[in-house]
Amino acid sequence: MKVNTLFFRKSIVAATGLFLCLFLIVHLSANCLLLLPEQAARGMYNAYSTWLRENPLIKVVAYALYLSIIVHVVYALLVTIRNRKAKPVSYAVNHTEANSSWASQNMGLIGLSILIFIVIHLANFWARIKLGLGADVGVDAAGNKDVYEVTYALFHNIYFVLFYSLLMIPLGLHLHHGLKSAFKTLGFYHKRGLEVLARISLIYAAVIAAGFGIIPFVVYFK
Amino acid sequence: MKVTFKIWRQDKPQAKGAFKEYQVDELTEDMSFLEALDHLNERLVLRGEKVIAYEYDCREGICGQCGVFINGRAHGPHPNITTCQLHMRSFKDGDTIVVEPWRANAFPIVKDLIVDRSAFDRIIEQGAYISAKTGTAPEANAILIGKAIADRAMDAAACIGCGACVATCKNSSAALFTAAKINHLNSLPQGKPEAHQRVLDMTAQMEREGFGHCSFTGACEVECPAGISIANIAEMNARQGKAQLLG
Ligand code: FES
């Protein structure tokens, strides 16, 4: 059976996007440990990240995650290239704000800013903790890698605090449009269901963006 | 009333077009937008200049021939109407009104404001019909159709094929048009026997014509004169998936 690229590519972007949405919930839940008082936060956060690193199931999920990010980006790029070709000349005047949201018109640009964020985020944490690049990561009293300290030190640099917080704005915009669109792309068309979906997307995007956006400040003022 | 029209002029498909400005007076608020263009063309004839080419037929929002991009919106500043249903009272005295043809790779410009929308016809040819010869219209109650289904099919069938969805879409996606045609037939019993093949053939043609992907900006349903809901695209996606698996 011949696949239709118009549907296939978008389905891939949607499916990987939804998986990443799920991941963000888990990620934010874990990060809430950082909101606890210093002593408790350090112990639990480090214990949790050790558990993550040593769990074989998480290893599989981690590879699925890397793959999802890459596939999401590559397919979004393919989609964008075809879309540009489909509209080679743009209008002299175009009031897109009258018929659609800014985010929906600029998902590529917003996505690019998130990609840059992810690269820097991975360099800050993943590269140091998992790949052992850069300055050595210490161990805490319980003998776990002191991931909390890495976070604590990073978020005592106001520039990183601002960077991590501000970049949650494009993330929120991306999720708000992306979540509901992904469901529609995958064929969810129930009339009232779509209204509920729109509300869920808004709440989801707001909680994720606000949650991740506040944590750096909380750590900064500890 | 007096306005300045800034209109895209292009002699032939391959020519390099450009905007040209025209001051037009003696317009009234009751004139339709097309009448204002007629009025301008009459002046151009008197001055011995080439008239502006634009399309229309019914001038009552039925045929879908008249679409142009007016001041940054498909069919002008109001949602869900055609260009022929737009009136000069929607503009102010002294306004500059920018008029452009639909922009899409799949809709090449023929001349000035006229584009070639035969890509739509080729999508229709792939299956937006019932292939069995049915003779004259059968007795209306011979096939029973529930009201909810009849309404959904009717809503989708309202598409007049004007191309505003493609024109306003940043990706020039023809998803709304194609979805309307598919859902119209596939939700009715008469369309069921060929349902899967219809979806596959029509969407394949949509792909071949060089339309873009749908990214659900929602612009199409706002500009669609028939108010076709974007939920139709999600429904087409579901039908496409099903046809791909079962067809
Ligand atoms: S001229 Fe027929 S729809 Fe406008």
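Scroll up to find the structure this text is about.
K.L.:
An account of the packing of aromatic side chains is requested, with residue identities and associated values reported.
P.N.:
Scanning the entire structure with this criterion turns up 23 aromatic pairs over all chains. Ring centres of Y63 of chain A and Y66 of chain A lie 5.7 Å apart, and the angle between their planes is 90°; this geometry places the pair in the edge-to-face category. With Y63 of chain A and Y66 of chain A both in helix α3 (residues 56-86) and three residues apart, the pair spans about one turn of that helix. The class for Y63 of chain A is exposed, based on a relative accessible area of 57%. Among the residues examined, Y66 of chain A registers a relative accessible area of 26% and is labelled partly exposed. In this structure, R59 of chain B packs its charged tip against the face of Y56 of chain B, placed 3.9 Å from the ring centre. Directly above the ring of W8 of chain B sits R103 of chain B, whose terminal nitrogen or CZ lies 4.3 Å from the centroid.

K.L.:
Give a description of helix α5 (residues 175-186) of chain B that names residues and reports values.
P.N.:
Residue and element names in this part refer to chain B. For α5, with 12 residues, the first-to-last C-alpha span of 16 Å sits near the 16 Å given by 1.5 Å per residue. Within α5, 11 of the 12 residues are buried, leaving the element largely enclosed by the surrounding structure. Buried residues along α5 sit against α2 (118-125), α3 (147-157), α4 (164-168), α6 (195-208), α7 (219-223) and α8 (231-246).

K.L.:
Please give an account of the interface of chain A and chain B that cites residues and values.
P.N.:
Taken together, the 35 residues of chain A in the interface contact 45 residues of chain B. Summed over the three residues of chain A that lose the most area to chain B, namely F7, Y91 and N99 of chain A, the buried surface amounts to 19% of that side. Remark: the boundary between chain A and chain B carries one salt bridge. As a salt-bridge pair, E207 of chain B and K2 of chain A come within 3.9 Å of each other at their nearest N and O atoms. The tally of links from chain A across to chain B stands at 26 residue pairs in polar contact (both at pLDDT 80 or more). For the side of chain A that touches chain B, the secondary structure elements donating two or more residues are α1 (5-31), α3, α4 (102-105) and α9 (168-185) of chain A. Taken together, the residues of the side of chain A that touches chain B break down into 15 nonpolar, 13 polar and seven charged.

K.L.:
Describe the pattern of salt bridges, naming the residues involved and giving the relevant values.
P.N.:
All names here are of chain B. A complete count under the given rule lists 19 salt bridges over all chains for this structure. E49 is paired through a salt bridge with R47; the nearest N and O atoms lie 3.0 Å apart. A relative accessible area of 31% places E49 in the partly exposed class. The shortest N-O distance in the salt bridge between R239 and E235 comes to 2.7 Å.

K.L.:
For the pairing of strand β1 (residues 3-9) of chain B, give the residues involved together with the corresponding values.
P.N.:
Residues and elements named next belong to chain B. By the criterion of burial, β1 is predominantly enclosed, with six of the seven residues buried. When β1 meets strand β2 (residues 18-24), the two strands line up antiparallel, connected through seven bridges. By the bridge assignment for β2, F5 is matched with Y22. Two strands pair when backbone bridges link them, and β1 and strand β5 (residues 96-100) are joined in this way by four bridges, in the parallel orientation. Residue pairing in the sheet places I7 in a bridge with V99 of β5.

Criteria and cut-off values
- Residues numbered from 1 in each chain as written.
- Chains lettered and ligands numbered in written order.
- Predicted model: local features only at pLDDT ≥ 70, side-chain atom pairs only at ≥ 80, totals over all residues.
- Heavy atoms only, no water.
- Phe/Tyr/Trp six-rings, centres within 6.5 Å; stacked < 30°, edge-to-face > 60°.
- Helix = DSSP H or I, 4+ residues; strand = E, 2+ residues; numbered from the N terminus.
- Buried < 20%, exposed > 50% of the residue type's maximum accessible area, 1.4 Å probe, protein only.
- Lys NZ or Arg CZ within 6 Å of the ring centre and 35° of its normal.
- Expected span 1.5 Å × (residues − 1).
- Contact = heavy atoms within 4.5 Å.
- Buried area = accessible area lost by both parts, 1.4 Å probe.
- Salt bridge = Lys/Arg side-chain N within 4 Å of Asp/Glu carboxyl O.
- Polar contact = N/O pair within 3.5 Å; in protein donor to acceptor, adjacent residues only side chain to side chain.
- Nonpolar A, V, L, I, M, F, W, Y, C, P; charged D, E, K, R; others polar.
- Pairing = 2+ DSSP bridges.

Remember, this is a structural readout, not a statement about activity or role.
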